[in-house]
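# Results of the structural survey
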Amino acid sequence: MISYRKIQIKGENSPLNGLWYARPVISDTLDTAALAKHMSKHNTPFSPGVIKGVLTDMIACIKELILDGKNVKLDDLAIFSVGIVSDHGAESAEAFKVSEHVKGLKLRARATGELSNAQINLEGQLREATPYSVGGSGGSTPGGSEEEEDGGGGALG
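Quick look at the structure, then. (Residues numbered from 1 in each chain as written. Predicted model: local features only at pLDDT ≥ 70, side-chain atom pairs only at ≥ 80, totals over all residues. Heavy atoms only, no water.)

Right, let's talk about the packing of helix H1 (residues 32-40) against helix H2 (residues 48-66) for a bit. In the contact formed by H1 and H2, the axes pass within 8 Å of each other and the chain directions differ by 130°. Judged on the interaxial angle alone, H2 and H1 are oblique. The crossing of H1 and H2 is right-handed. Across the interface between the two elements, Thr32, Ala33, Leu35, Ala36, Lys37, Met39 and Ser40 of H1 pack against Pro48, Ile51, Lys52, Leu55, Thr56 and Ile59 of H2. Among the residues forming the contact of H1 with H2, the class breakdown is 8 nonpolar, 3 polar and 2 charged. (Axes fitted to C-alpha atoms, helices over the stretch in contact; angles between N-to-C directions. Helix = DSSP H or I, 4+ residues; strand = E, 2+ residues; numbered from the N terminus. Parallel < 35°, antiparallel > 145°, perpendicular 65-115°, else oblique. Left-handed = near helix turned anticlockwise from the far one by under 90°. Contact = heavy atoms within 4.5 Å. Nonpolar A, V, L, I, M, F, W, Y, C, P; charged D, E, K, R; others polar.)

A few words now on the nonpolar core. Within soluble globular proteins, side chains that are nonpolar tend to cluster in buried spots. Within the largest apolar cluster, 5 residues are counted, these being Ile62, Ile66, Val72, Ala78 and Phe80. If sequence neighbours within four positions are ignored, Ile62 has contacts with Val72, Leu74 and Phe80. (Core = buried A, V, L, I, M, F, W, Y, C linked by side-chain atoms within 4.5 Å. Buried < 20%, exposed > 50% of the residue type's maximum accessible area, 1.4 Å probe, protein only.)

Let us now look at the side chain of His101. Inspection of the secondary structure assignment puts His101 in helix H3 (residues 98-101). Setting aside its immediate chain neighbours within four residues, His101 contacts Ser86, Asp87, His88, Gly89, Ala90, Ala95 and Phe96.

Taken in spatial order, the 3 strands line up as E2-E1-E6 in an open sheet, and their pairing is mixed. The open sheet has two free edges, formed respectively by strand E2 (20-24) and strand E6 (126-128), since each of these has just one partner strand. Going across the sheet, the axis of each strand differs from the next one's by a mean of 45°, ignoring polarity. With 3 bridges connecting them, strand E1 (residues 2-8) and E6 associate as parallel partners. Across the sheet, the residue bridging to Tyr4 is Glu128, located in E6. (Pairing = 2+ DSSP bridges.)

With that settled, the discussion passes to the sheet that holds strand E3 (residues 72-74). One open sheet holds the 3 strands; their spatial order is E3-E4-E5, and the pairing between them is antiparallel. Both edges of this open sheet fall to E3 and strand E5 (102-111), since each of them pairs with a single strand only. If you compare each strand with its neighbour and ignore which way they point, the axes differ by 30° on average. The sheet strands contacting H2 are E3, strand E4 (78-86) and E5, and the helix crosses E3 at an angle near 145°.

Moving on, we get to the pattern of salt bridges. This structure, assessed with the given rule, holds 2 salt bridges. The partner of Lys6 in a salt bridge is Glu128, with the nearest N and O atoms 3.6 Å apart. Within this pair, whereas Lys6 is found in strand E1, its partner Glu128 is found in strand E6, the two being separated by 122 residues in sequence. We classify Lys6 as partly exposed; its relative accessible area is 29%. With a relative accessible area of 3%, Glu128 lands in the buried category. For Lys70, the salt bridge goes to Asp68, with nearest N and O atoms at 2.8 Å. (Salt bridge = Lys/Arg side-chain N within 4 Å of Asp/Glu carboxyl O.)

A few words on the pairing of E4. Of the pairings in the sheet, the one linking E3 to E4 comprises 3 bridges and is antiparallel in character. When the sheet's bridge partners are listed, Leu74 is paired in E4 with Ala78. What sits between the antiparallel neighbours E3 and E4 is a turn of 3 residues, in which Asp76 has the positive phi angle 60°. Bridge count for E4 against E5 is 9 bridges, and the pairing is antiparallel. The residue bridging Ser81 from the neighbouring strand is Arg108, located in E5.

All right, on to the environment of Ala90 then. Mapped onto the secondary structure, Ala90 falls in the loop between E4 and H3. Apart from the residues lying within four places of it in its own chain, the contact partners of Ala90 are Ala95, Phe96 and His101.

Honestly, that's just the spatial picture; any functional story needs more than this.
As C-alpha cells, then:
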C-alpha cells in the first residue's frame, strides 16, 4: 500500500497555483544492511552478512560499469545508466564545449519488466496518510498517521 498526502501548489507565477496533487509518503529508507536482513527472512539459507556482502559487491560493480558508459539491467527492477545534464545548447558542433555546455552527470534508473510503470499502475494501491482540513486555511494540516484515513485504495489504471 502506498500512502499519499495531498499538497497544494502555491506560487503566484505558477499556472498550477492553488491546485491540489497527491505526493507519496515514504515511511522508511532501508540501507544495504537492512535490505540484506529483510532478504534473509525470505526462506534463504544465507545470512544477512553474506547477502550484504553480495549486494555491496553488486553496487560497486554497477557504479564501475555505468561510469564506463555501460547500462546495467536488473531484470524486473530497473536499467541503470548515466545521463548528461546540459546547461544550454551550442550553436554548432564546432562551438560545443563540455566546460560550457555540460552541467554534470546524473544516475538514471528506468523501470523494466515486472516493475514497469504500467504494472505499477495495475498493482499499486493508494491510501491517504493524513486527513486534511479543506476549509479556511487553504493548506494542509501537518501530522497524522497512515491509519487515520483510507483514501479509497484500489488499483490505478
